[in-house]
Amino acid sequence: MNIENTKAQMRKGVLEYCILSVLRDNDAYVAEILETLKDAKLLVVEGTIYPLLTRLKNAGLLNYRWEESTGGPPRKYYGLTDTGKDFLKELTHTWDELQTAVAIVTTQKNKNHE
Amino acid sequence: MNKTVNINLAGIFFHIDEDAFTKLQHYLDAIKRSLSSSQGQEEIIADIEARIAELFSEKTKTDRQVISIREVEEVIAIMGQPEDYMLDEEIFEDETTYARSKTNGKQLFRDTDHSYVGGVSSGLGHYLGIQAIWVRLLWIILTLASSGAFILIYIALWIFVPEAKTTADKLSMRGEAVNITNIERKIREGFDDVSGKVRSVDYEKYGNQARTGASSAAKGVGSGIFFLLNIFVKLIGILILLIAGTTLIGLFIALFTVGTFGIIDAPWTDYIEMAGIGAPLWTISLLTFFAVGIPFFFLFILGLKILVRKLKSIGTPAKLVLLGLWLLSIIGLAVLGIKQATLRAFEGEVVTTEILPITSQDTLYLAMKYNPDYSSGAYKTDLKLKFDEKDNKIMYSTDVRLVVKSTKDSTGRIEIIKTADGSDYKDAKQRAENIRYNTSFLGNELFLDSYFTANLNDHYRDQEVRVVVYLPEGSTLYADENISSFNRSSDYYGNILNYDQEGNYLKISENSTLCESCPQTESDNWDEDSWDNEDEFDGTIDFEGGDSTDNVKIRINGKGININKDETNKIRISRDGIEIQKN
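Structure report, in brief. These figures come from a predicted structure and were not determined experimentally.

### Considerations on the packing of helix H1 (residues 18–34) of chain B against helix H3 (residues 69–79) of chain B
All names here are of chain B.
Now for step 1: Viewed as axis vectors pointing N to C, H1 and H3 meet at an angle of 20°, and their least axial separation amounts to 8 Å. Our classification of the angle between H1 and H3 gives roughly parallel. The chirality of how H1 crosses H3 is left-handed. Seen from H1, the contacting residues are Asp19, Ala20, Lys23, Leu24 and Tyr27; seen from H3, they are Ile69, Val72, Glu73, Ile76 and Met79.
Now for step 2: Taken together, the residues that form the contact of H1 with H3 break down as seven nonpolar, no polar and three charged.

### A word on the interface of chain B and chain A
Now for step 1: Facing the 29 residues of chain B at the interface are 25 residues of chain A.
Now for step 2: Both faces combined, the contact of chain B with chain A buries some 2,200 Å², and carbon together with sulfur accounts for 54% of it.
Now for step 3: Asp47 of chain B is paired through a salt bridge with Lys76 of chain A; the nearest N and O atoms lie 2.6 Å apart.
Now for step 4: Residue assignment for the side of chain B that touches chain A shows that the elements contributing at least two residues are helix H2 (41–59), H3 and helix H4 (88–101) of chain B.
Now for step 5: When residues of the side of chain B that touches chain A are assigned to their parent elements, the largest contribution, ten residues, is made by H2 of chain B.

### A look at the sheet that holds strand S16 (residues 512–515) of chain B
Think of a sheet as strands paired side by side through backbone hydrogen bonds, with each pair either parallel or antiparallel.
All names here are of chain B.
Now for step 1: As summarised here, the arrangement of the six strands in space is S10-S11-S5-S14-S15-S16, forming an open sheet in which the pairing is mixed. In this open sheet, the two strands that pair with only one neighbour each are strand S10 (439–442) and S16. Geometrically, the sheet is characterised by an average inter-axis angle of 30° between neighbouring strands, direction not taken into account.
Now for step 2: Pairing analysis gives four bridges linking strand S5 (residues 363–369) to strand S14 (residues 476–479), with the strands arranged parallel.

### Focus on the pairing of S10 of chain B
All names here are of chain B.
Now for step 1: Looking at chain direction, S10 and strand S11 (residues 445–449) are connected through four bridges and run antiparallel. Looking at the pairing, Leu442 lines up with Glu445 of S11.
Now for step 2: Where S10 folds back on S11, the antiparallel hairpin that results is connected by two residues, among which Gly443 adopts a positive phi of roughly 60°.

### Focus on the pattern of salt bridges
Now for step 1: Tallying each qualifying case throughout the model produces 17 salt bridges over all chains.
Now for step 2: In this structure, Arg70 of chain B and Glu71 of chain B form a salt bridge, with 3.5 Å as the shortest nitrogen-oxygen distance.
Now for step 3: In the salt-bridge network here, residues are joined through shared partners; they are Lys38, Glu46 and Arg75 of chain A together with Arg51 and Glu54 of chain B.

### A word on helix H5 (residues 120–128) of chain B
Think of an α-helix as turning once every 3.6 residues; residues three or four places apart then point the same way.
Residues and elements named next belong to chain B.
Now for step 1: Most of H5 is tucked away: seven of the nine residues are buried.
Now for step 2: Along H5, the residues that are buried comprise Val120, Ser121, Ser122, Gly123, Leu124, Gly125 and His126.
Now for step 3: Among the structural elements, helix H6 (132–145), helix H7 (149–160) and helix H8 (167–173) are those in contact with the buried residues of H5.

### Regarding a nonpolar patch on the surface
Residues and elements named next belong to chain B.
Now for step 1: On the surface, Tyr116, Val117, Ile151, Leu152, Ile155, Trp158, Ile159, Phe252, Ile253 and Phe256 cluster together into a nonpolar patch covering about 960 Å² of accessible area.
Now for step 2: Broken down by secondary-structure element, the contributors of at least two residues to the nonpolar patch are H7 and helix H11 (220–261).
Now for step 3: Examining the composition of the nonpolar patch, we find that five residues originate from one element, H7, more than from any other.
Now for step 4: Within the secondary structure layout, Ile159 lies in helix H7.

### Here's the deal with the side chain of Glu16 of chain A
Residue and element names in this part refer to chain A.
Now for step 1: Within the secondary structure layout, Glu16 lies in helix H1 (residues 3–22).
Now for step 2: Residue classification places Glu16 among the buried positions, given a relative accessible area of 18%.
Now for step 3: Those residues in contact with Glu16 that sit more than four places away from it in its chain are Leu52, Arg55 and Leu56.

### Some details on the environment of Gly47 of chain A
Now for step 1: When you line up the elements, Gly47 of chain A lands in the loop between helix H2 (30–39) and helix H3 (49–58).
Now for step 2: On the accessibility criterion, Gly47 of chain A (0% relative accessible area) is buried.
Now for step 3: Separated by 13 residues in sequence, Gly47 of chain A and Leu34 of chain A place their C-alpha atoms 9.9 Å apart.
Now for step 4: Once residues within four sequence positions are removed from consideration, Gly47 of chain A is found in contact with Met79 and Tyr85 of chain B.

Rules of the game
Residues numbered from 1 in each chain as written. Chains lettered and ligands numbered in written order. Predicted model: local features only at pLDDT ≥ 70, side-chain atom pairs only at ≥ 80, totals over all residues. Heavy atoms only, no water. Axes fitted to C-alpha atoms, helices over the stretch in contact; angles between N-to-C directions. Helix = DSSP H or I, 4+ residues; strand = E, 2+ residues; numbered from the N terminus. Parallel < 35°, antiparallel > 145°, perpendicular 65-115°, else oblique. Left-handed = near helix turned anticlockwise from the far one by under 90°. Contact = heavy atoms within 4.5 Å. Nonpolar A, V, L, I, M, F, W, Y, C, P; charged D, E, K, R; others polar. Buried area = accessible area lost by both parts, 1.4 Å probe. Salt bridge = Lys/Arg side-chain N within 4 Å of Asp/Glu carboxyl O. Pairing = 2+ DSSP bridges. Buried < 20%, exposed > 50% of the residue type's maximum accessible area, 1.4 Å probe, protein only. Patch = residues over 30% accessible without salt bridge, like charges linked within 9 Å, V, L, I, M, F, W, Y side chains within 5 Å. Areas by Shrake-Rupley, 256 points an atom, 1.4 Å probe, with all protein chains shown as cover.

Written as structure tokens, this is what we have:
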């Protein structure tokens, strides 16, 4: 078992949920999504997000539109589809359950050790 | 000082240092390989390129600023290593399939990085899992043992086994898993110096291979049967390869020794020279070589295809060229064959008659005149090539037929009938006339040559000589024993000289001969004279043995020993010598 791999897997597991959450209220282009995720220290390198975005888009959870930018190349603005919104609701529910479950298990463990 | 390259990244123009460009290209290639195309590889790469362009734009203050390797490294640090682009499920899979795929998908390639000649030996070494030095030793031993023939097999492998060009090829040649980590490692090891080389990696294919490899491990029994079947098929492949290979080698040797250089004086070279087909010997050899060799060549490839899974095809154009060449050879041979047949369409005959001064009271001694220079070989009817006294190349044959007939004329005569084939009657007749054949008559002895000769430029056209000796009725013929192999005792020719009558005096009557000194008469006399006259016997021992079908009488007395089986089979030992009579 490689500790770095395990860490990366844990992060990647929740990454899809987080991306969808970022886009819940307003559309954003990749750099904005990245900024939010990086600020939260959920993402170390940017590369991971591209295959994820494409996959979510191909699954019909996201769609995008092009917008011209002043300095660089045109930007892809991503937004949630209706399916994406339902998906996000479902995930939020699961996440809450999972959080509670993990909290119970880990605190239980600590009590046993004490 | 640095050379710069102009690039277009997501529609934005950049100046970039050459080394920075190479690094960026490596990076993008590596990412591309870490993504399978089903995930939308093209789109992801476009997004990444757009992001990199954005980052570069932020870093460059003016349009004239050049992107250096430092900027590229910074961008890579932000974007992450190729492994970071892999999605989670691929990471899980990697750990389980790496170990297994090591034994899977080992393929035969030529290892040109560690080659002496064509990389065949080192490639085979990787494939068989042994050191290349042993394979090379084996090649040398086999080549020496087969007196060079294995060189051709080596060359065939050289041609048909693909070279390990890409990193993926090199990895599967060694049986290592084709994955991003191994490819990166190989690149770091300096396996590839040019970035473009790695682009041909079909990552998805190897990914799938690894997956099916994992699932097939579960089907243990099925794969066991498949393995046995595989070995059987491979054995058939080896058999085909060996048959076709040896035939091709034989043809090659035949072509280069006999056909072209004429090192070996094979019998058919003489024949072809005499036949006058109208094409030089090397053309016929080449046509035959193609006509026979090309089908075997395809057989050879078939065998090789069975053995080497990823065999490089010789290509459709090459196949068509070979097929065309084969058809042309067949047509060429057919045309020559038809031409040869038309050259023999007509038969010509020339008859010369000579008077034989033999009357009904005379006796004729008939004998063949042999010349050791023109003696018969294994086949009497064959024409053979020879240099005559003046060193001209001539043809000769011992295909001389002798026929004896009776005539009502007062004197005898000889007819010499020469025949030959030709493309028309005149040609055939001219050719028949060109046959040289001699007879000589001396006293009352007639000598016939045992052979005839013809010029080489008359070619082989079924030349024959028939000698008919007409003898007046009432004359006597003594035929020498040596004519027996020329004598045709056949009703078709009306021959009156029978087999076994040679060496006897024969009285010629109308359409038959009367034997005056044949053994039957002699033995009858002897029987009456000495056998049945018992009065003369003194101290005689008689044996009568055997059963009713095998009755043998043995008599020993003062005159000698007689062993009689029947009237015609007897042995007599006396002071005159040993006499054996056999029917």
